[in-house]
Number of protein chains: 2
Amino acid sequence: MDRLDATFTALADPTRRAIVARLASGDATVNELAAPFAMTLPGISKHLKVLERSGLISRARRAQFRPCHLEREPLDAAMSWIEESRRIWTERFDKLDEHLRDVQQAPASVQYGARRAAPGTRGQAND
Amino acid sequence: MDRLDATFTALADPTRRAIVARLASGDATVNELAAPFAMTLPGISKHLKVLERSGLISRARRAQFRPCHLEREPLDAAMSWIEESRRIWTERFDKLDEHLRDVQQAPASVQYGARRAAPGTRGQAND
DNA sequence: CAGCTAACTAACCAAGTGGTGAAATAGTCG
DNA sequence: CGACTATTTCACCACTTGGTTAGTTAGCTG
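Criteria and thresholds
- Residues numbered from 1 in each chain as written.
- Chains lettered and ligands numbered in written order.
- Predicted model: local features only at pLDDT ≥ 70, side-chain atom pairs only at ≥ 80, totals over all residues.
- Helix = DSSP H or I, 4+ residues; strand = E, 2+ residues; numbered from the N terminus.
- Buried ≥ 20, exposed ≤ 12 C-beta atoms within 10 Å, placed from the backbone.
- Contact = placed C-beta atoms within 7 Å.
- Near = placed C-beta within 6 Å.
- Nonpolar A, V, L, I, M, F, W, Y, C, P; charged D, E, K, R; others polar.
- Core = buried A, V, L, I, M, F, W, Y, C linked by C-beta atoms within 7 Å.
- Least-squares fit on C-alpha atoms with pLDDT ≥ 70 in both.
- Axes fitted to C-alpha atoms, helices over the stretch in contact; angles between N-to-C directions.
- Parallel < 35°, antiparallel > 145°, perpendicular 65-115°, else oblique.
- Expected span 1.5 Å × (residues − 1).
- Arc of directions from axis to C-beta.

Novice: Before we go on, may I ask you to explain the overall build of chain A in this structure?
Specialist: A count of helices and strands for chain A gives five helices and two strands. For chain A, the N- to C-terminal ordering of α and β elements is α-α-α-α-β-β-α. Counting only residues that meet the buried cut, chain A has 20% of its 127 residues in that class. For chain A, restricting intrachain contacts to residue pairs at least 6 apart in sequence, the fraction spanning at least 24 positions comes to 52%.

Set out below in structure tokens:
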């Protein structure tokens, strides 16, 4: 399983997102994390295992407690992936704007839905 | 199912992330999307349904084609959620730095592990 | 109309998920 | 040691997921 797979999988559950949000403001033990939820401890334990496997959290050992700690890196990686897609998406629309400006300058040669119009038809030297 | 649940679930699969990345640079038909994958068309169709249910993509009808289009809003929402957690995480460490500066100025009164040290001790006017 | 293509639905399967209660493990305290 | 607390593992359950093949629907085109 890929790292991003694991991260997004971990974030796909509301209980786990709540745990991540809680850990963002400070480390906590399993019991502390379980308190807000109407769920048994083994249930929480499973969620924590998913979070740990994804790298989103790490767990230390302090006496019989196992405090959980949020790791920043996987969160960053997930955000970077989304940002990259958004960047491409946005760039495309910038180019579309540019193209529309061109079309407005020479409107005769193109029309909506012309399927055979290859993208490079601009250089047909009709000037 | 919550909207963020659906978005992160959709992004948790590598095939679906590849589809999203592909659609970021332009709309495409189901066959075009399926081409890069060693998977049957119904398989792709299922993935597209997951993406559509999450709102990440929408589908139009043009003749017998059903071109897919990437929607920006769910991507934004997912990123905002991550950003918010990161913000809280970061703020906490800024406060920790601040606290450590305070401790260096008046090292006698606090020691590691003192759990009762409230975060607002800055206003003690010891300069 | 028949035939072709794009895409979907239906039925099925193996594997995974999210939850439970009961029992086990690890560490502290009297 | 024995009791208590924090946490995990185990065995089980219903349900979902990701994939398949086979068949179906929708729309173009000769």
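Novice: Is there a simple way to explain the protein's contact with DNA strand C in this structure?
Specialist: The local shell around DNA strand C holds 22 residues, among which A:Pro42, A:Gly43, B:Thr29, B:Asn31 and B:Pro42 are the closest. Residue assignment for the surface near DNA strand C shows that the elements contributing at least two residues are α4 (41-53) of chain A together with α3 (30-34) and α4 (41-53) of chain B. When residues in the surface near DNA strand C are grouped by element, the largest group, five residues, is from α4(A). For the surface near DNA strand C, the class distribution of residues is nine nonpolar, 10 polar and three charged.

Novice: Quick question: what am I supposed to make of the nonpolar core here?
Specialist: Note on soluble globular proteins: their nonpolar side chains tend to be buried together. With 36 residues, the main nonpolar core has A:Phe8, A:Leu56, A:Ile57, B:Phe8, B:Leu56 and B:Ile57 as its most contacted residues. Non-local contacts of A:Phe8, meaning those with residues more than four positions away in its chain, are made with A:Ala78, B:Phe8, B:Leu11 and B:Ala12.

Novice: Can you walk me through the relation of the copies chain B and chain A in this structure?
Specialist: Superposition of the two copies of the chain requires a rotation about an axis and a shift along the axis. With an RMSD of 0.2 Å, the operation that places chain B on chain A is a rotation of 180° combined with a shift of 0.1 Å along the axis. Taken together, the rotation and translation describe the operation of a two-fold axis. Residue B:Phe8 of chain B places its C-alpha closer to the rotation axis than any other residue of that unit, at 2.7 Å. A shared binding surface is used by both copies, with 100% of the interface residues of chain B retained as interface residues in chain A.

Novice: Is there a simple way to explain the interface of chain B and chain A in this structure?
Specialist: How big an interface is tends to be stated in terms of the accessible area lost upon association of its parts. Taken residue by residue, the interface counts 27 residues in chain B and 27 residues in chain A. The element best represented in the side of chain B that touches chain A is helix α5 (residues 73-105) of chain B, accounting for 10 residues. Grouping the amino acids of the side of chain B that touches chain A by side-chain chemistry returns 15 nonpolar, four polar and eight charged.

Novice: Help me understand the protein's contact with DNA strand D, please; the structure alone is not making it clear to me.
Specialist: Surrounding DNA strand D, one finds 21 residues, the nearest of these being A:Thr29, A:Val30, A:Asn31, A:Pro42 and B:Gly43. Broken down by secondary-structure element, the contributors of at least two residues to the surface near DNA strand D are α3 (30-34) and α4 of chain A together with α4 of chain B. Here the surface near DNA strand D gets five residues from one element, more than from any other, and that element is α4(B). For the surface near DNA strand D, the per-class residue count stands at nine nonpolar, nine polar and three charged.

Novice: Could you clarify how one ought to interpret the packing of helix α5 (residues 73-105) of chain A against helix α2 (residues 14-24) of chain B in this entry?
Specialist: Working note: a packed helix pair is described by the angle between its axes plus the distance between those axes. Interaxial distance between α5(A) and α2(B) falls to 8 Å at its minimum, and their mutual angle equals 25°. Taken together, the axes of α5(A) and α2(B) are roughly parallel relative to one another. In this structure, α5(A) contributes A:Ser85, A:Ile88 and A:Trp89 to the contact, and α2(B) contributes B:Val20, B:Ala21 and B:Ala24. Within the contact of α5(A) with α2(B), the residues separate by chemical class into five nonpolar, one polar and no charged.

Novice: Could you clarify how one ought to interpret α4(B) in this entry?
Specialist: Since the α-helix packs 3.6 residues into each turn, any two residues three or four apart lie on the same face. All names here are of chain B. Helix length check: α4 (13 residues) gives 18 Å between terminal C-alpha atoms against 18 Å at 1.5 Å per residue, within 8%. Taken as a whole, α4 has its buried residues at His-47, Leu-48 and Leu-51. For α4, the arc enclosing every buried residue in end-on projection is 100°, short of the 170-degree limit, so these residues lie on one face. For α4, the exposed residues lying more than 90 degrees away from the buried face are Pro-42 and Lys-49. In the core, the buried residues of α4 are packed alongside α1 (3-11), α2, α3, β1 (57-59) and β2 (68-70). Following α4 by one or two positions, Gly-55 has its phi on the positive side, about 85°.

The values reported here are purely geometric and, on their own, carry no functional implication.
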